[in-house]
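Residues per chain, in single letters:
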Amino acid sequence: MIPTAFAPQKPSDAWRNFTYATTTASILVIGGLIFWADISPLLKVALSVSSAWALSNAVSLTKLLRDKQEYEDWSKENDHSRPRVVKTESTAA
């Protein structure tokens, strides 16, 4: 196996929990603001749909960036165009 210059990182449980907590908090805050806003029901629906759409796009973009990074790491790991140095008994001496 060829040693590589990167170290794959697994997200910690603390980071995952923090992400879930902040996402939940932001959804609750925007939901509360929409619910108690003094605007017409049609505007509330429009604001709710646009907020859900923005959240969906943010999740999709995040997954795209993660997949791109994982692909780059994988391609570095499995790059067969580089010559590999194999030491045999005749070349080791």
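Residues numbered from 1 in each chain as written. Predicted model: local features only at pLDDT ≥ 70, side-chain atom pairs only at ≥ 80, totals over all residues. Heavy atoms only, no water.

## Quick look at the confidence of the model for the chain
Overall, the prediction assigns the chain a mean pLDDT of 82, with 77% of residues at 70 or greater. When pLDDT is averaged over each element of the chain, helix α1 (residues 13-36) comes out on top at 90 and helix α3 (residues 89-92) at the bottom at 62. (pLDDT = per-residue confidence, 0-100. Helix = DSSP H or I, 4+ residues; strand = E, 2+ residues; numbered from the N terminus.)

## Side note on the packing of α1 against helix α2 (residues 41-77)
Viewed as axis vectors pointing N to C, α1 and α2 meet at an angle of 165°, and their least axial separation amounts to 10 Å. When the axes of α1 and α2 are compared, the pair comes out roughly antiparallel. Taken as a pair, α1 and α2 cross one another with a handedness that is right-handed. In contact with Ile 27, Ile 30, Ile 34 and Phe 35 of α1, α2 contributes Lys 44, Leu 47, Ser 48, Ser 51 and Leu 55. The residue inventory of the contact of α1 with α2, partitioned by class, reads 6 nonpolar, 2 polar and 1 charged. (Axes fitted to C-alpha atoms, helices over the stretch in contact; angles between N-to-C directions. Parallel < 35°, antiparallel > 145°, perpendicular 65-115°, else oblique. Left-handed = near helix turned anticlockwise from the far one by under 90°. Contact = heavy atoms within 4.5 Å. Nonpolar A, V, L, I, M, F, W, Y, C, P; charged D, E, K, R; others polar.)

## Section: the packing of aromatic side chains
What characterises a pair of aromatic rings is the spacing of the ring centres plus the angle enclosed by the ring planes. Overall, the coordinates contain 3 aromatic pairs when judged by the stated rule. Plain terms: the ring middles of Trp 15 and Phe 18 are 5.7 Å apart, the flat faces sit at 35° to each other, and that makes the pair tilted. In this pair, Trp 15 and Phe 18 both sit in helix α1, 3 residues apart, roughly one turn of the helix. Judged by relative accessible area, Trp 15 falls into the exposed class, the value being 53%. With a relative accessible area of 46%, Phe 18 lands in the partly exposed category. Between Lys 44 and the ring centre of Phe 35, over which it is positioned, the NZ or CZ distance is 5.9 Å. (Phe/Tyr/Trp six-rings, centres within 6.5 Å; stacked < 30°, edge-to-face > 60°. Buried < 20%, exposed > 50% of the residue type's maximum accessible area, 1.4 Å probe, protein only. Lys NZ or Arg CZ within 6 Å of the ring centre and 35° of its normal.)

## Things to note about the pattern of salt bridges
For the structure shown, the criterion picks out 3 salt bridges. A salt bridge links Asp 67 to Arg 66, with the shortest nitrogen-to-oxygen separation between them at 3.2 Å. Linking Glu 72 and Lys 68 is a salt bridge whose minimum nitrogen-to-oxygen distance equals 2.9 Å. Of the two residues, Glu 72 and Lys 68 are both situated in helix α2; the distance of 4 residues between them amounts to about one turn of the helix. The exposure class of Glu 72 is partly exposed, given its relative accessible area of 30%. (Salt bridge = Lys/Arg side-chain N within 4 Å of Asp/Glu carboxyl O.)

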